[in-house]
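# Close look at the chain arrangement
Residues per chain, in single letters:
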Amino acid sequence: MKYIYTLLFILLYSTIIAQDTYLQCGKLLDTKAGKVLSEKTIIVSGNKITKIENGYITGKKGDTTIDLKNKTVLPGLIDMHVHLEGETNPKAYLQKYTDSEADIAFNSVAFASKTLLSGFTTVRDLGGSGVNISLKKAIENGRIEGPRVLTAGKILSTTGGHGDPTNGNKRSLIGDPGPKDGVVNSVEDAKKAVRQRYKNGADLIKITATGGVLSVAKSSSNPQFTIEEIKAICETAKDYGFHVAAHAHGDEGMQRAILGGVKTIEHGTLMSEKTMDMMKQYDTYLVPTITAGKEVTEKAAIDGYYPAIIVPKALEIGPKIQNTFKKAYDRGVGIAFGTDAGVFKHGQNGKEFGFMVEAGMPAMATLQSATITNAKILNMQDQIGQITPGYLADIVAVNDDPTQKISTMENVVFVMKDGKIYKN
């Protein structure tokens, strides 16, 4: 009798853990082939896609069947440029002095949830206080809901450069931050800063190769690292399995970053044709962040929204980003989807697709940039970015066919990450 009970328990347990999810898809985006397929069923077991069947298949007793027959189903989206620790507001510069790490952490939980529910199942977080590393771990451990996060931790800047955490402080608070704080002023500093980020638990490196818009500093675009410093960062990063993203608006700083070995250029606003050709030569990708450019242009017109030193930079740089993207795409530069969410409200990342299409990139190509292209850059091309057997079950759905109506990407109605449904 004991053996019978044991056998029954094993059979019951096997039935429970073998439950599958069947997603009946009216349309299915094949990102690899660049095609929209019709009437397919995706079968998910655990956190993996196991099969894709023709027609609408219903699961057996105990399985879950979800009707998405009037939806278009896509791989989970990947945003290569977000800041999950914060979000634009007119008090943001004051909050630097009033918010504790706990405040930042609690806020980031809501931002992470909004990002996931908007269909972005994987993101690259490009800089914060270091709380972003704890956020990443909390999501991985299942304590909070959010996208899969690869984070740079604290970004790397130069003294007084875009990203120096003491910019705008009164003299008694300026101090002399160094590599641990993300401030680099030599080749040796560069190596130490990268190793410190590895120690802290980061996944990649972010540098500010030029001035920027939202820092309390004068220049929007001057080069801020020597090429020797950038090479030291990139070579050390490679030793630790990191790639390097470079914030850059100015052309000279971009060229140094490309020659130094970075993988992506963020924004790229004042990029010349020579720089575009260099990006093609060195297999460097542009992350456009058009939405952020439009946001800073709009907010700069609101009296008091930004500190006065920022307004002329926002009005100089913001309106140019979309047109630079168009020129770079037309010239054949590789495009990696990224938004700079946090500069605008989290959860609105999908607006970027419409701005890319508006500038001349075909809808399918924008969707591929947010899936297979970004998966390749993250070295996760055999795990995410496609709806293919053996891949992680990161799956989203929208109401309309985005190749015909790109605005549908602003309203994701179904979200599955790692086989778990977060929105239905």
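Structure's up top.
The paragraphs below set out a description of the structure included in this document. (Residues numbered from 1 in each chain as written. Predicted model: local features only at pLDDT ≥ 70, side-chain atom pairs only at ≥ 80, totals over all residues. Heavy atoms only, no water.)

## What to know about the overall build of the chain
Looking only at helices and strands, one finds 14 helices and 15 strands in the chain. The C-alpha radius of gyration of the chain comes to 22 Å, within 12% of the 22 Å expected for a compact globule of 424 residues. Across its three principal axes, the chain shows a C-alpha extent of roughly 80 × 50 × 40 Å. Out of the 424 residues belonging to the chain, those deemed buried represent 53%. Pairs at least 24 residues apart make up 69% of the contacts formed inside the chain by residues separated by at least 6 positions. Only carbon and sulfur atoms are counted for the fraction: they give 52% of the accessible area of the chain, which is about 18300 Å². Distance between charge centres in the chain, computed from 50 positive and 45 negative side chains, equals 2 Å. (Helix = DSSP H or I, 4+ residues; strand = E, 2+ residues; numbered from the N terminus. Rg over C-alpha atoms; globule rule 2.2 N^0.38 Å. Buried < 20%, exposed > 50% of the residue type's maximum accessible area, 1.4 Å probe, protein only. Contact = heavy atoms within 4.5 Å. Areas by Shrake-Rupley, 256 points an atom, 1.4 Å probe, with all protein chains shown as cover. Lys, Arg positive; Asp, Glu negative; His and termini not counted. Charge placed at Lys NZ, Arg CZ, Asp CG, Glu CD.)

## Here's the deal with the sheet that holds strand S11 (residues 285-287)
Reading across from one edge, S8-S9-S10-S11-S12 is the order of the five strands in this open sheet, with parallel pairing throughout. Two strands in the sheet have a free side with no partner beyond their single neighbour: strand S8 (205-208) and strand S12 (334-335). In terms of strand pairing, strand S10 (residues 264-267) meets S11 through three bridges, oriented parallel. Note that in S11 the partner of Glu266 across the bridge is Val287. Where helix H14 (residues 363-377) meets the sheet, it contacts S10, S11 and S12, and its direction lies at approximately 125 degrees from that of S11. (Pairing = 2+ DSSP bridges. Axes fitted to C-alpha atoms, helices over the stretch in contact; angles between N-to-C directions.)

## Details of the pattern of salt bridges
All told, the structure shown has 18 salt bridges when counted by the stated rule. As a salt-bridge pair, Asp401 and Lys27 come within 3.5 Å of each other at their nearest N and O atoms. Separated by 374 residues along the polypeptide, Asp401 in the loop between strand S13 (395-398) and strand S14 (412-417) and Lys27 in strand S1 (residues 20-30) bring together distant segments of the chain. Overall, Asp401 belongs to the buried group, its relative accessible area being 11%. Overall, the relative accessible area of 32% leaves Lys27 in the partly exposed class. A salt bridge links Asp400 to Lys405, with the shortest nitrogen-to-oxygen separation between them at 3.6 Å. You can call Lys405 partly exposed: its relative accessible area is 43%. Three or more residues joined by partner-sharing salt bridges are found here, namely Lys136, Glu140 and Asp203. (Salt bridge = Lys/Arg side-chain N within 4 Å of Asp/Glu carboxyl O.)

## Overview of the packing of aromatic side chains
Under the definition given, this model contains six aromatic pairs. Ring centres 6.2 Å apart and planes at 55 degrees place the aromatic pair Tyr198 and Phe242 in the tilted group. Here Tyr198 is found in helix H6 (residues 187-200), whereas its partner Phe242 is found in the loop between helix H7 (227-239) and strand S9 (244-248), with 44 residues between them in sequence. For Tyr198, a relative accessible area of 48% gives the class partly exposed. A residue is classified by how much of its surface remains accessible, and Phe242, at 10% relative accessible area, is buried. On the numbers, 5.1 Å between centres and 90 degrees between planes, the contact of Tyr305 with Tyr306 is edge-to-face. Each member of the pair, Tyr305 together with Tyr306, is buried. Taken together, the aromatic side chains of Phe120, Phe337 and Phe353 make up a single cluster linked through ring pairs. Over the face of the ring belonging to Tyr56 we find Lys69, whose NZ or CZ atom lies 5.4 Å from the ring centre. (Phe/Tyr/Trp six-rings, centres within 6.5 Å; stacked < 30°, edge-to-face > 60°. Lys NZ or Arg CZ within 6 Å of the ring centre and 35° of its normal.)

## Re the sheet that holds strand S6 (residues 120-125)
Strand order in the open sheet formed by three strands is S5-S6-S7, and the pairing between neighbours is parallel. The open sheet has two free edges, formed respectively by strand S5 (77-82) and strand S7 (148-151), since each of these has just one partner strand. Strand-to-strand twist of the sheet, defined as the mean angle between neighbouring strand axes without regard to direction, takes the value 15 degrees. Sheet contacts for helix H4 (residues 131-140): S6 and S7; angle to S7, the most-contacted strand, approximately 150 degrees.

## A word on the pairing of S10
Judged from the four bridges that link them, S9 and S10 form a sheet pairing that is parallel. Opposite Ala245, over in S10, you have Thr264 as the bridge partner. Remark: the S9/helix H8 (residues 251-260)/S10 crossover connection has right-handed handedness. (Right-handed = clockwise from strand over helix to strand, strands pointing away.)

## Some words on the pairing of S6
With six of six residues buried, S6 is to be regarded as a mostly interior element. Pairing geometry for S5 and S6, over four bridges, is parallel. Across the sheet, Asp79 pairs through a bridge with Val123, a residue of S6. Across four bridges, the pairing between S6 and S7 is parallel. By the bridge assignment, Arg124 is partnered in S7 with Leu150. After leaving S6, the chain enters H4 and then returns to the sheet as S7, a path that is right-handed.

## Things to note about helix H3 (residues 101-117)
In this model H3 runs 25 Å from its N-terminal to its C-terminal C-alpha over 17 residues, within 8% of the 24 Å that 1.5 Å per residue would give. Those residues of H3 not exposed but buried are Ile104, Ser108, Phe111, Ala112, Thr115 and Leu116. As for H3, its buried residues are in contact with S6, H4, S14 and strand S15 (420-423). The first or second residue beyond H3 is Gly119, which carries a positive phi of 105 degrees. (Expected span 1.5 Å × (residues − 1).)

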